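# Structural description and commentary
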Amino acid sequence: MNWTLALPEIVLACFGMGVLLFGVLRKQDSTMLATMFTIFGFLVTGLLVATGLPGTGFHGQFVADPFSTFNKLLILIGASFAALMSLDWNEKQGIGRFEFPVVMLFAVVGMMIMVSASNLMTLYVGLELQSLSLYVLAAFARDDIRSSEAGLKYFVLSGLASGLLLYGVSMVYGFSGTMDFVVLRDQLANPANISAGLIVGVVFVLVGLAFKVSAVPFHMWTPDVYQGAPTPVTAFFAMAPKVAAMALLLRVMATPFGHLLPAWQSLIVIVSIGSMALGALAAIGQTNIKRLMAYSSIGHMGFALIGLAAGSEDGVRGVLVYMAVYVFMTAGTFACIMSMRRNGKAVEEIKDLAGLASNDAGLAMALAVFMFSLAGIPLMAGFFAKLYVFLAAVKAGLWTLAVIGVLASVVGSFYYIRIIKVMYFDPAGEKFDRRPAALSFVAAATGLITAFFFLFPTPVVDAAQLAARAVFP
Amino acid sequence: MNAAGFPLLSLITWLPLVGGAVILSVRGDEETIASNARWTALWTTLIVLVLSLVLWVEFDPTDAGFQFVESVPWLSDYGLGYKMGVDGISVMFVLLSTALTPICILASWESIQTKVREYMLAFLILETMMIGTFCALDFVVFYMFFECVLIPMYLIIGIWGGPRRVYSAVKFFLYTLTGSVLMLLAILAMWMHAGTTDIPTLMATSFPPSMQTWLFLAFLASFAVKVPMWPVHTWLPDAHVEAPTAGSVILAGVLLKMGGYGFIRFSIPMLPEASAAFAPLMFTLSVVAVIYTSLVALAQEDMKKLIAYSSVAHMGIVTIGLFTFNEQGIQGALFQMVSHGIVSGALFLVVGVIYDRIHTREIARYGGLAERMPGYAFVFMLFTMASVGLPGTAGFVGEFLVILGAFKVSFWLALLGGAGMILGAAYMLYLYRRVVFGRITRDDLRAIMDLSPREWALFVPLIVLTMWMGIYPSSFSVFWEASVAAMVKHHQAAMESAVKLAGVIN
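Reference entry: report on the structure contained in this document.

## Focus on the overall build of chain B
- Each helix and strand in chain B was counted, giving 21 helices and 2 strands.
- The globule rule puts the C-alpha radius of gyration for 506 residues at 23 Å, and the 22 Å found for chain B is close to it.
- Within chain B, buried positions represent 65% of all 506 residues.
- Of the contacts formed within chain B by residues at least 6 apart in sequence, a portion of 81% connects residues at least 24 apart.
- Of the roughly 17000 Å² that chain B leaves accessible, carbon and sulfur atoms contribute 68%.

The following block contains the structure:
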């Protein structure tokens, strides 16, 4: 048994338990140290992931391939940014506890298992480890009624989605007799093995996963959870779990159920159109920037799903490039949102950004870069993300989807440029407090990557290509 | 790399961004930053202008192909490269951009007092994007420059514009973006078909007629908004009126030309059959634009709005010329674009001069300026005449050639297009009479000052260019003659083969 394949997960889990013990045994407050250890753990794990060998282990239940490497690295990057940004915020909000990074770390372990799952059972175990940690994180500000509400809402709805997923898994197992991805794929290559019950099972699995990526019509939890959860948690939710769930969706649809493309393609098309349209239209009326980002993320998942709808290697490559760019844009945007603090109190209305360009030119410029990038204006990274998914859609002949997609991106650009309008064209309000160095670092680093992605797109695109090839055996 | 082994075009394109980085790095109090930003921007744009004059000198007008070609692999696995190059058509637009930008910087010297650093930065970014648009030899690279122009222009209108600037900026942004995204899909479709986005290769590729129709419509959505053609021109008057003077100059001078350039570079050579099929539609829209917007211009109370509507009419002449598919028409359209770039830019500067003094653009507020401002009256008259198309000025040559080309297509087209010239004379002379002649009735006008040396420095190069283009047009048209001839030949060959193909099928 080749257990070294799971070395990154094992090491990270050990790190988690170590940090937990350390926090409990140490008498004084150790949030800062625990967070630093956690980020260090992410770093070590990242190195192990990047240098690890590909292969299948644990009786075919666990797979390490370029696809899992790509997504695990993205997850670790997103989680590191979120952990870094949480430090100062949690302290100022009075929720600075050492458990925070530990719970985040276990969520990441869950996500890494999800990404590497090669069996419906492993998939479920990883998903549940992730979800349970996320419930705790959402409700981490215990005394805040909105945070508790967010945690509870997420728990109930996510539990329902997990139930649906599990039901789908059981139907797939019942009608095919296996839960192994590769065996399923081989079986389904023969049309005689495709039964109606199995298709129903696949649809249930799809629904469960669509919930996790917050695609329409399973998006209802997103705005409330985004708004209610503490902002670093929202940032984390917007990055790592999205990558993990999208990776899972890609692998499940492409590898075991790849031969059922005609059956699930139209579903993905509908979900994608719905997400793009809702993301674009519902965000227009928002006044709270976290809520706006929730709708924005729904829209972006719609764009990413265009690639999956194409059902091709190009499409999967497009989704992966999209998610990579999305992680950096989102990290930066949330760093800017967390910098919005007046007289020690966090503010999160869009109108609080009024005249930011006069008060803090650097922050305004960074946020402007992220907004133009989210809108998909060229030379920013967001344009390349959209370019690759649309390319796949055009190649697959999905013209309706492509046209609706570009029009949705125009509607969406309206609310992104409105934020720029508020920052640059409106008269200045009161200044924000001095922001901590960590936020400046994250905003600057991701801002530079977003603005200058056009200089070095090849490594990312090539890595995504390699990863996409791995899920189409 | 070109024959000289030196990436001149990339240097011209990206140098303004270097200037922008320098401006960003300036530290000190507000006054120091503003002054440094102004001088850095001016010097950067002047150096770019001088470098672009090397193009003027070194360019070989007898060669119809692309020159100064540079090619660097970028996403080479997907047939996408960073390719730059100019032919006779694009080199003029590059020069137009590099010539107008320093004038814009100089025009904003005193009128822009807030956020000077950001303003100059926006203009330098804009210059990079404009030059890049005209130099790009890869369709995706072209698209990126073409779209990215929106960012600085949106900010220029929105931050330094007039009272309704937010509305205008958002309208400008959304109108142009909607058109462009559809073009992006067309580009992707071409990419699928040809396996590359290299522009010279795509020009040689023939696309199936049914595909051409859709591609043409998608391109039309983008370029028609940019030109702008009737009925999608409504963003232009708003944007012009609210933009600061220099913003209007660059909008009228260069940004509108991107639409015309798009037609001549992509629609006509790449989609010959669809272009021919859609020519009647283009003529109709253009004629409506010429006559309707000229009439609308007659009724305007705001000087900038009047000139904005006149721009729509003049660009209507351009689109008529382009779709005649003969040498006179296309050459006339190109000439008209370059001359309109200079003349309408100058007219916006003319308006800017009195706006800076009296802070209103309402025509009725003025009158009798000739008495106090003889120099100004002269400059204004010269550009009015050029806009009307008086022989001996830049405006005449282009319009004359277009009408000539239109005659070859249809008498009525030429007649209706020519009607625009008469209406143009009417609204421009009416404007001139109301502003410059008559008696001074208001006290603030009695104390108004004539042009300052800085303002003369703005106008003298534009006057020289206008007269030069009018008196000796061939020193400009020689650049594109070979390219246009090759294009017309390519179009005719494509049409003939289409006719032959139809004959085989029948």
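## Topic: the overall build of chain A
- The helix and strand inventory of chain A stands at 19 helices and 4 strands.
- Taken over C-alpha atoms, the radius of gyration comes to 21 Å for chain A, in line with the 23 Å a tight globule of 473 residues would show.
- Principal-axis analysis of the C-alpha atoms places the extent of chain A at approximately 70 × 55 × 40 Å.
- By the burial criterion, 63% of the 473 residues in chain A qualify as buried.
- Contacts spanning at least 24 positions in sequence make up 82% of the contacts within chain A whose residues lie at least 6 apart.
- Accessible surface, chain A as shown: approximately 15800 Å² in total, 69% of it carbon and sulfur.

## Digging into helix 14 (residues 327-358) of chain B
All names here are of chain B.
- Helix length check: helix 14, at 32 residues, gives a terminal C-alpha distance of 46 Å against a target of 46 Å (1.5 Å per residue), a fit within 8%.
- When the local axis directions of helix 14 are compared, the greatest deviation, roughly 25 degrees, occurs at His340.
- Counting buried positions along helix 14 yields 27 of 32 residues, so the element is predominantly enclosed.
- Backbone geometry just after helix 14 places His359 at a positive phi near 60 degrees.

## Things to note about the interface of chain A and chain B
- Each partner contributes to the interface: chain A provides 38 residues, whereas chain B provides 36 residues.
- Buried area between chain A and chain B, both sides added, is near 3400 Å², and the carbon and sulfur share of it is 83%.
- Summed over the three residues of chain A that lose the most area to chain B, namely Leu379, Ile417 and Phe425 of chain A, the buried surface amounts to 19% of that side.
- At the junction of chain A and chain B, the tally comes to 0 salt bridges.
- In this assembly, chain A and chain B are joined by 2 residue pairs in polar contact (both at pLDDT 80 or more).
- Of all elements in the fold, only helix 14 (356-359), helix 15 (361-375), helix 16 (381-395), helix 17 (399-425) and helix 19 (457-471) of chain A reach the threshold of two or more residues within the side of chain A that touches chain B.
- If one sorts the elements of the side of chain A that touches chain B by residue count, helix 17 of chain A sits on top with 14 residues.
- Partitioned by chemical class, the residues of the side of chain A that touches chain B number 29 nonpolar, 5 polar and 4 charged.

Each value, and the rule that gives it
Residues numbered from 1 in each chain as written. Chains lettered and ligands numbered in written order. Predicted model: local features only at pLDDT ≥ 70, side-chain atom pairs only at ≥ 80, totals over all residues. Heavy atoms only, no water. Helix = DSSP H or I, 4+ residues; strand = E, 2+ residues; numbered from the N terminus. Rg over C-alpha atoms; globule rule 2.2 N^0.38 Å. Buried < 20%, exposed > 50% of the residue type's maximum accessible area, 1.4 Å probe, protein only. Contact = heavy atoms within 4.5 Å. Areas by Shrake-Rupley, 256 points an atom, 1.4 Å probe, with all protein chains shown as cover. Expected span 1.5 Å × (residues − 1). Bend = angle between axes of the 7 residues up to and from the residue. Buried area = accessible area lost by both parts, 1.4 Å probe. Salt bridge = Lys/Arg side-chain N within 4 Å of Asp/Glu carboxyl O. Polar contact = N/O pair within 3.5 Å; in protein donor to acceptor, adjacent residues only side chain to side chain. Nonpolar A, V, L, I, M, F, W, Y, C, P; charged D, E, K, R; others polar.

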